[in-house]
Amino acid sequence: MAAPSPGVSELVAAARRVYVQVFGDEAPQLAVCAPGRVNLIGEHTDYNQGFVLPMALPLVTVVVGSQTSGQDVTVVTTTEDADEPRRVDFSLPTDGSQLSPGLPSWANYVKGVLQHYRAPPVPGFRAVIASSVPLGGGLSSSASLEVAFYTFLQQLKPDNGDKVLKAVACQQAEHSHAGVPCGIMDQFVSVLGREGHALLIDCRSLEASPVPLADPGLVILITNSNVKHSLSGSEYPTRRRQCEHAASILGKDSLRDATMKDLEEARDRLDDVTYRRARHVIEEIERTTCAAEALKRGAFKEFGKLMVESHNSLRDLYEVSCRELDELVSAAMEVEGVYGSRMTGGGFGGCTVTLLQAQAIDRTILHIQMLNLNSPDDNSNRNSLQDPVSLNVGGELYTTTLDTLTRC
Ligand code: ADP
Ligand code: MG
């Protein structure tokens, strides 16, 4: 069965312990958290001003900490990542200068949020981060870190509380300090996700409509391929540029405004790669709105079919899947009771998301675990599907969105 992830209170307790160890016997005054997310459908559409349909997860990032008297900041992460130090110390500029990105690279998410916080200046502080969102797994550990940190800063010095502007500030932090030109989806759903609902987000108007996901006979299964992606690498920005290029050739502000008819009419002016990228985006935007409608009607088979079409398009047209993700999707689709499955997140690794009947969960997990994703010459820790997360939609495992958690 799926291994339970640590809950919010366990994460807070772990972060508090580290805080006391690192900073002496003082307990932190504040604890906040923000969720990761899984995107059900609508991939690589957010930066094309299209639609996305994510939901917040019970996997969360927590930040505990306290204000200090000066301008000094110390942040410690309890999450292991590569060889980077887990502690960073810096001073908040008093002369209005920028907080430059640097090393360790994870601290750039924190610095970016400080830079874009909407009610500066904030006082110095000490903080510890703990998270149950896998890093680089396509479940948006980065946005959950940004949003949790922003929430932490709101506790130190309140802003006006505008949630959409909070999401936008966190997105700007990721652009300017982490070097990832991401769309708004991750930060938006981390801030505005609602319990018992997916969120259909119009990434142009920034309006969102909650879509109920409350059928106890339904499960969403997230499976981590354990292939880590790197979104600050060249592939993500390249896709983004290709879309902008396609839109400009079509004479549109963004691919949101383009139809398949427009694309076909312009085909001889587009190279093959640009055509395929644009086709994915245009069709995926359409699929996403259809999927949201299907979900509202309880038409899960229809929803599942759209998920598989989305995956195939990401694999063949957008070329952001990988062998492990393809095999996970194929394996899931072999099981009776599975409606649909697809890669989720930016791609090049990370997780798949599968929609299935609750009664099929055990056999689906077992079937997926039979896969051996390691290639013979590959010693990296690629396989190990030991931690699938299953969310019984409508049952007690279903996602919750926590904004400010508590003062501890
Ligand atoms: P995803 O958001 O899909 O998990 P990203 O590549 O966008 O993947 O973000 C992952 C990066 O975010 C990590 O490499 C790290 O720099 C940062 N990060 C996320 N969560 C934490 C955390 N708890 N502690 C330290 N860094 C984190
Ligand atoms: Mg991310």
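Higher on the page you've got the structure.
Attention here is on the structure that accompanies the text. Computed from a prediction, not measured in an experiment: that's the story for all the values here. (Residues numbered from 1 in each chain as written. Chains lettered and ligands numbered in written order. Predicted model: local features only at pLDDT ≥ 70, side-chain atom pairs only at ≥ 80, totals over all residues. Heavy atoms only, no water.)

So, on to the pattern of salt bridges. Scanning the entire structure with this criterion turns up 23 salt bridges. Salt-bridge contacts for Glu244 lead to Arg240; the nearest nitrogen and oxygen are separated by 3.6 Å. Taken together, the positions of Glu244 and Arg240, both in helix H6 (residues 235-250) and four residues apart, correspond to about one turn of that helix. The salt bridge involving Glu284 is made with Arg287; its shortest N-O contact spans 2.9 Å. Of this pair, Glu284 and Arg287 both sit in helix H8 (residues 272-297), three residues apart, which is roughly one turn of that helix. Assessed through its relative accessible area of 8%, Arg287 is described here as buried. Here the salt bridges do not stand alone but share partners, grouping Glu43, Glu284, Arg287 and Arg342 into one network. (Salt bridge = Lys/Arg side-chain N within 4 Å of Asp/Glu carboxyl O. Helix = DSSP H or I, 4+ residues; strand = E, 2+ residues; numbered from the N terminus. Buried < 20%, exposed > 50% of the residue type's maximum accessible area, 1.4 Å probe, protein only.)

For Pro101, the position within the fold is in the loop between strand E4 (87-91) and helix H2 (107-116). Exposure remark for Pro101: the relative accessible area of 45% places this residue in the partly exposed category. Apart from the residues within four sequence positions on either side, Pro101 is in contact with Asn108, Ser176 and His177. (Contact = heavy atoms within 4.5 Å.)

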